[in-house]
Amino acid sequence: MKIETFIIQPQIPQKLENLDKLAHNIWTIWNYDAVNLFIRLDYDSWIASNQNPVKMLGLVSQARLEQMSTDDSFLAAYDIVCAKFQKYIDGDSWYENPTDEVVAYFSMEYGLHISLPIYSGGLGILSGDHMKSASDLGIPLVGVGLLYSRGYFRQYLNIDGFQQEVYPEYDWYTMPVRECLDKNGNPRKISVHIGHSTVVAQIWEIKVGRNSIYLLDSNIPENTPENRAITATLYGGGRETRLRQEVLLGIGGMRALQTLGIKAVVTHMNEGHSAFLGIERIRTLIQDQHLTFNEARQAVWPTNIFTTHTPVPAGNESFSIELIEKYLKPYVKDLGITWEEFLSLGRDDPKNQHSPFCLTSLALKLSAYCNGVSKLHGNISRKMWKNIWIDLPEEEIPIRHITNGVHPKTWLSPVMNDLFDKYFGPRFYEEPANFDIWDRIDRVSDEELWRSHERRREELVVYTRERLRQQLHRKGRTKATVSLADEALSPYHLTISFARRFATYKRANLLLMDPDRFIKLLSNNDYPIQFIFAGKAHPEDIPGKELIKQLVHFSSDPRVRSRMIFLEDYDFTLGRHLISGSDMWMNTPRRPLEASGTSGMKAAINGVLNVSVLDGWWDEAYEPEIGWAIGEGEEYEDHNLHDEIESKALFDLLEREIIPLFYARGRDNLPREWIKKMKGCIKNIGKQFTSSRMVKDYSEMFYIPAFKNHKRFTENSFKNTREITRYLDKLKNNWENIKIVKVKSENNKNLVVGKSFTIHADVNLATFSPEEISVELYYGQISSTGEIINAKSKEMECINSGDQLTSYSTELSCIETGRYGYSVRILPKHELLVHPYIPGFIKWD
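Please read these numbers as outputs of a predicted model, since none were measured by experiment. Within each chain, residues carry numbers counting from 1 in the order of the written sequence. Local features in a predicted model are, by the rule used here, given only for residues with pLDDT of at least 70; side-chain atom pairs are given and counted only at 80 or more, and totals for whole chains, interfaces and linings are based on all residues. The side-chain numbers reported here are obtained from all heavy atoms of the structure, hydrogens and water having been left aside.

Visitor: Break down the overall build of the protein for me, citing the residues and quoting the values.
Guide: Runs of E in the DSSP output that reach at least two residues are strands. Runs of H or I that reach at least four are helices, and both are numbered from the N terminus. In terms of regular secondary structure, the protein is built from 28 helices and 28 strands. Computed over its C-alpha atoms, the radius of gyration of the protein comes to 29 Å, within 12% of the 28 Å expected for a compact globule of 845 residues. Considered along the principal axes of its C-alpha atoms, the protein spans approximately 95 × 70 × 50 Å. Relative to its 845 residues, the protein shows a buried fraction of 58%. We call two residues in contact when some of their heavy atoms are within 4.5 Å. For the protein, contacts bridging at least 24 residues in sequence account for 73% of all contacts bridging at least 6. Accessible surface, the protein: about 35,600 Å² in total, of which carbon and sulfur atoms supply 48%. Neither His nor the chain ends contribute to the count of charged residues, in which Lys and Arg are positive and Asp and Glu negative. The location of each charge is read from NZ of Lys, CZ of Arg, CG of Asp or CD of Glu. Placing the 100 positive and 111 negative side-chain charges of the protein at their respective mean positions leaves the two points 1 Å apart. For the radius of gyration, the atom set is restricted to C-alpha positions; the globular benchmark scales as 2.2 Å times the number of residues to the power 0.38. Burial status follows relative accessibility: with a 1.4 Å probe on protein chains alone, a residue under 20% of its type maximum counts as buried, one over 50% as exposed, and anything between as partly exposed. Here the accessible surface of atoms and residues is derived via Shrake-Rupley with a 1.4 Å probe, and residues count as covered only by protein chains that are part of the display.

Written out as structure tokens, the structure reads:
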């Protein structure tokens with residue numbers, strides 16, 4: 001059957017024509033006056049559309065549109081929003097280097113709003129906040145991803161409380177996304193060879209303030225049913241489907257940017273899913289600029305950024321060599337390298353022929369700039385990937401950290417937004433890099449902050465009851481059972497929320513380890529406390545699903561039923577209610593398995609206090625003045641012992657500190673000490689953990705240097721690229737011949753503070769000149785195991801260059817007492833190296 005398709009669009013009156021532009025830009029979603037404009041246009045349509053402004057415009061009756069186009073009051077509000085939007089688009093920004101070249105940010109998922117269900121959880125929400133803050137700061141950045149026809153699953157629980165999944169089909173023509181069209185009005189498409197067939201993908205665009213995200217969609221008639229399914233679901237299917245998605249994302253994403261004429265000279269891989277973009281960038285330079293593989297790699301390496309989010313080796317994306325051969329071997333033929341050379345890029349130990357191909361290894365080896373997502377995670381990542389940089393001290397492994405952050409305008413509740421408007425002023429929105437403005441929370445009186453918080457808790461309880469009512473009705477429960485939702489929770493009780501992905505290491509059941517103690521806590525009418533749980537387990541994570549079932553069964557006990565609930569289908573909207581209306585945000589991961597986490601940050605900027613294990617971001621944020629820590633950062637090999645200790649610690653905190661402090665009220669019924677913590681929390685977290693700070697860090701540490709690297713390595717027909725490649729080839733061919741022949745010093749083993757001594761080293765530089773090699777002194781305290789700790793390094797001075805040996809020396813001062821030691825090492829040295837830590841090129845005395 002042949003089907004002719006057509007699209008019906010709303011007929012918007014000319015006076016309101018910018019409503020369509022506003023509806024198709026995510027800026028509208030994080031600006032409450034714009035949201036209120038759509039609500040005012042037609043509240044029922046806004047609710048029916050699930051807060052989707054594009055779909056809503058199609059639901060509003062023509063009569064209503066015509067009516068509002070003549071409403072002076074509505075038109076005045078419309079003009080204000082349009083002017084604000086235009087000022088945002090055209091106004092000044094923090095980033096002041098205008099350029100037609102951009103950073104391309106690749107992510108498997110983007111959590112922008114509930115109306116765009118192309119995200120699963122924290123990684124996607126982070127990507128969405130990254131895009132929003134890049135727009136706020138004026139950074140020339142575009143996003144690249146996939147458009148999933150069925151998105152991520154919707155969750156519901158069966159009669160036994162076991163998670164079930166459903167994947168609805170989405171109509172992208174009624175969502176805030178547009179087709180990219182050529183000058184003739186035809187959809188723009190790219191093609192990618194995947195396996196034994198050519199896959200065609202259509203390009204779509206999401207406007208995010210000043211910037212755009214481009215998404216690839218394989219669900220088009222040109223493809224076979226198998227290839228159309230590549231972009232069916234996020235993280236759906238088996239390993240082969242995942243690899244096909246990642247080939248399309250990395251290789252197809254770069255081709256999409258080229259098709260659109262976008263000069264993406266810097267690329268940022270948000271996790272290893274998009275690592276194949278590095279291969280495509282190299283292939284393109286070989287083809288278009290006639291570079292060798294090594295030259296093309298050196299041109300790409302200083303302009304690649306890679307962010308890892310995984311704190312355990314098993315969580316990194318790896319594939320069997322058979323699968324890699326099936327899908328990547330055709331591309332390797334164009335690179336001019338052997339198959340074994342290609343496989344070595346995806347192995348932390350290239351000599352291990354049995355190792356699978358890891359996309360994290362590939363991304364690390366193709367990127368000059370690499371980072372973890374918290375200070376603790378940076379340490380873990382250096383430890384996890386040290387095999388790539390053999391013999392390099394762990395603290396020097398070139399994986400830094402940039403701690404995640406959240407987008408305040410997205411996650412502040414409307415009530416808090418009004419409060420910030422009143423006390424922070426317009427600079428809060430106009431100067432997102434002005435972090436000192438968070439100090440103005442001290443201008444808010446205790447009374448006003450607490451009353452605003454009580455309103456948010458009331459709104460949470462009302463919303464939760466309605467959602468629970470729908471949940472029970474969907475299960476076919478009796479009217480009497482459904483009516484129990486009206487008794488769930490209280491707007492006056494201490495409310496603690498736990499909402500996140502249900503993986504076993506997050507330990508949602510930590511309080512269930514002592515059920516009697518938990519029931520006693522929940523049954524206390526003198527100091528009432530209530531819990532809200534929400535979250536999804538991965539469809540294949542049976543232990544995670546069992547955790548949900550365990551919580552649901554416990555919450556059905558009549559003794560606690562009104563004070564503990566589990567809400568199905570955790571999503572953007574539920575999350576916003578929880579992080580603004582709760583009193584406390586609970587996080588119980590098994591350290592050190594939480595790379596960062598951001599939900600607690602969202603809660604904190606709303607004045608919701610955290611009680612959490614010292615893991616991820618909380619490990620560096622925690623202060624007694626702003627929340628509570630479960631334990632002191634201990635790690636245990638025995639998981640059962642670990643859980644038992646921290647379960648007791650959490651109960652102790654609740655019973656002895658948290659609950660008493662919340663209910664410590666004066667004559668005015670205000671919990672003054674609790675409010676003091678709220679203010680400290682808002683101030684400290686707002687200044688340090690917003691996505692504006694995060695993206696500013698990425699820009700200053702990575703993006704701006706990478707832009708400069710691109711210019712440096714491409715100018716004059718890639719002259720510098722060829723020069724640094726020749727140098728690295730020389731290193732590869734002659735490194736084994738370099739030797740540290742002798743190290744001596746005037747050290748008599750017993751020194752005093754204030755003295756210094758000279759260290760000499762004789763080195764055989766082989767074919768290298770002193771300008772091409774760095775000889776360094778590496779020194780510091782000696783640990784109980786005989787290793788150098790708290791180390792420093794300094795380059796030694798070349799004092800004599802002979803035919804056979806080159807002599808170096810440096811002076812070392814004795815500053816503090818203790819046992820110290822030193823060693824001499826050799827590293828590459830060239831002005832064109834971003835850093836000298838090249839895998840395989842370090843020698844020690």
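Visitor: Before we move on, can you summarise the sheet that holds strand β22 (residues 756-764) with the specific residues and values?
Guide: Two strands are said to pair when DSSP picks up at least two bridges between them. Strand order in the open sheet formed by four strands is β21-β22-β26-β25, and the pairing between neighbours is antiparallel. In the strand order of this sheet, the two ends are held by β21 (739-745) and β25 (797-801), each with one partner. Here the strands of the sheet are splayed against their neighbours by 25° on average, with no regard to which way each runs. The pairing of β22 with strand β26 (residues 806-813) spans eight bridges and is antiparallel. Following the sheet pairing, Ile759 is matched in β26 by Thr810. Fitted lines through C-alpha atoms serve as axes, helices being fitted only where they are in contact, and the angles separating the N-to-C directions of these axes extend from 0 to 180 degrees.

Visitor: Account for the nonpolar core, naming residues and giving values.
Guide: The nonpolar side chains of a soluble globular protein tend to be buried with one another. We define the nonpolar core as a collection of buried residues of types Ala, Val, Leu, Ile, Met, Phe, Trp, Tyr and Cys that are connected through side-chain atoms lying within 4.5 Å of one another. Ile206, Leu257, Phe276, Ile324, Phe342 and Ile773 are the most contacted members of the largest nonpolar core, which totals 175 residues. Broken down by element, the residue count for this core peaks at 13 residues, all from helix α28 (residues 691-734). Not counting residues up to four positions away in its chain, the partners in contact with Ile324 are Leu243, Phe276, Phe319, Lys329, Trp339, Phe342, Leu343 and Phe357. By size, the runner-up hydrophobic cluster in this structure holds 97 residues, among which are Leu419, Ala534, Phe554 and Ala621.

Visitor: Pulling in residues and values, what's your account of the packing of aromatic side chains?
Guide: The description of two aromatic rings rests on the distance between their centres and on the angle between their planes. Working definition: rings of Phe, Tyr and Trp (its six-membered ring) pair if their centres are within 6.5 Å, and the pair is stacked with planes under 30 degrees apart, edge-to-face with planes over 60 apart, and tilted otherwise. Going through the model one piece at a time under the given rule, you end up with 42 aromatic pairs. The interplanar angle of 45° and the centroid separation of 4.6 Å between the aromatic rings of Tyr152 and Phe153 together place this pair among those described as tilted. When sorted by exposure, Tyr152 lands in the same class as Phe153, which is buried. The rings of Phe498, Phe502, Phe518, Phe531, Phe533, Phe554, Phe566 and Phe651 are connected pair by pair, giving a single aromatic cluster.

Visitor: How would you explain empty space enclosed by the protein if you had to name every residue and give the values?
Guide: Vacant regions in the atomic arrangement are exposed by a probe of water-molecule size rolled over the atoms. Grid points spaced at 1 Å and placed over the protein atoms alone form the basis of the search, with a cavity being a set where a 1.4 Å probe fits but cannot get out and a pocket an open set showing protein on both sides within 12 Å along at least five of seven lines. Lining residues have an atom within 4 Å of a point. Grid points are joined across faces, edges and corners, and a volume is the space filled by probe spheres set on the points. Counted by the stated rule, this structure contains three cavities of 30 Å³ or more. Roughly 110 Å³ of internal volume is contained in the largest cavity. Residue polarity follows a fixed list, in which Ala, Val, Leu, Ile, Met, Phe, Trp, Tyr, Cys and Pro are nonpolar, Asp, Glu, Lys and Arg are charged, and the others, Gly among them, are polar. Split into classes, the residues belonging to the lining of the largest cavity amount to five nonpolar, three polar and three charged. By volume, the second largest cavity is sized at about 50 Å³. Considering the residues around the second largest cavity, the lining is formed by Trp389, Ile390, Leu392, Leu827, Pro836, Tyr837, Ile838, Pro839, Gly840, Phe841 and Ile842. Of the residues contributing to the lining of the second largest cavity, the split by class is ten nonpolar, one polar and no charged.

Visitor: Any chance you could break down the sheet that holds strand β18 (residues 584-587) for me, citing the residues and the numbers?
Guide: The six strands lie next to each other as β17-β16-β15-β18-β19-β20, forming an open sheet whose pairing is parallel. Each edge of the sheet is formed by a strand with only one pairing partner; in this case those strands are β17 (564-567) and β20 (627-630). Between one strand axis and the next, the sheet turns through 20° on average, direction left out of account. Looking at chain direction, β18 and strand β19 (residues 609-613) are connected through four bridges and run parallel. By the bridge assignment, Met586 is partnered in β19 with Val611.

Visitor: Give me the lowdown on the pattern of salt bridges, citing residues and values where you can.
Guide: Each salt bridge in this description consists of a side-chain nitrogen of Lys or Arg and a carboxyl oxygen of Asp or Glu lying within 4 Å of one another. All told, the structure shown has 52 salt bridges when counted by the stated rule. Salt-bridge contacts for Asp446 lead to Lys679; the nearest nitrogen and oxygen are separated by 2.9 Å. Placement of the pair is Asp446 in helix α19 (residues 446-474) and Lys679 in helix α27 (residues 672-688), with a sequence separation of 233 residues. The buried category is assigned to Asp446, whose relative accessible area is 18%. With a shortest N-O distance of 2.4 Å, Glu466 and Arg469 are connected by a salt bridge. You can see Glu466 and its partner Arg469 sitting in helix α19, three residues apart, about one turn around the helix. Glu466 gets classed as partly exposed once you look at its relative accessible area, which sits at 35%. Put simply, Asp446, Glu447, Asp668, Arg672 and Lys679 are held in one network by salt bridges that share partners.

Visitor: Which residues make up the packing of helix α26 (residues 639-662) against α27, and what are the values?
Guide: As a packed pair, α26 and α27 sit with axes 7 Å apart at the nearest point and diverge in direction by 100°. Relative to α27, the element α26 lies roughly perpendicular. Seen from α26, the contacting residues are Ile658, Leu661 and Phe662; seen from α27, they are Glu673, Trp674 and Lys677. Grouping the constituent residues of the contact of α26 with α27 by class yields four nonpolar, no polar and two charged. By the definition adopted for this analysis, an angle is roughly parallel if under 35 degrees, roughly antiparallel if over 145, roughly perpendicular if from 65 to 115, and oblique otherwise.

Visitor: How would you sum up the environment of Leu359? Please name residues and give values.
Guide: For Leu359, the position within the fold is in helix α14 (residues 359-365). By relative accessible area, Leu359 is classed as buried at 0%. When the C-alpha positions of Leu359 and Phe319 are compared, they lie 8.3 Å apart, and in sequence the two are 40 residues distant. Contact partners of Leu359, with chain neighbours within four places excluded, come to Glu246, Gly272, His273, Ala275, Phe276, Glu317 and Phe319.

Visitor: Account for unusual backbone geometry, with residues named and values stated.
Guide: Here the amide bond leading from Arg591 into Pro592 is cis, since omega sits at 10°, within 30 degrees of zero. Positive phi is not limited to glycine here, since Glu271 has a value of about 80°. Here Glu271 lies in the loop between β9 (263-270) and α10 (276-289).

Visitor: Can you tell me about α27, naming the residues and giving the values?
Guide: Within an α-helix, residues lying three or four positions from one another point in the same direction, as the helix has 3.6 residues per turn. Expected span, for any helix, means 1.5 Å times one less than how many residues it has. For α27, built from 17 residues, the straight-helix expectation of 24 Å at 1.5 Å per residue is met to within 8% by its first-to-last C-alpha distance of 24 Å. Burial within α27 is extensive, with twelve of its 17 residues counted as buried. Every buried residue belonging to α27 is among Trp674, Ile675, Lys677, Met678, Lys679, Gly680, Cys681, Ile682, Lys683, Asn684, Ile685 and Gly686, and all of these are buried.

Visitor: Before we move on, can you summarise the packing of helix α9 (residues 239-259) against helix α12 (residues 321-332) with the specific residues and values?
Guide: Interaxial distance between α9 and α12 falls to 10 Å at its minimum, and their mutual angle equals 20°. As far as their axial angle goes, α12 and α9 are roughly parallel. The hand of the α9/α12 crossing is right-handed. Between α9, through Arg239, Glu240, Leu243, Arg244, Val247, Ile251 and Arg255, and α12, the contact on the second element is made entirely by Leu323, Ile324, Lys326, Tyr327, Leu328 and Tyr331. In this scheme, a crossing is called left-handed if the near helix is turned counterclockwise away from the far one by less than a right angle; it is called right-handed if the turn is clockwise.

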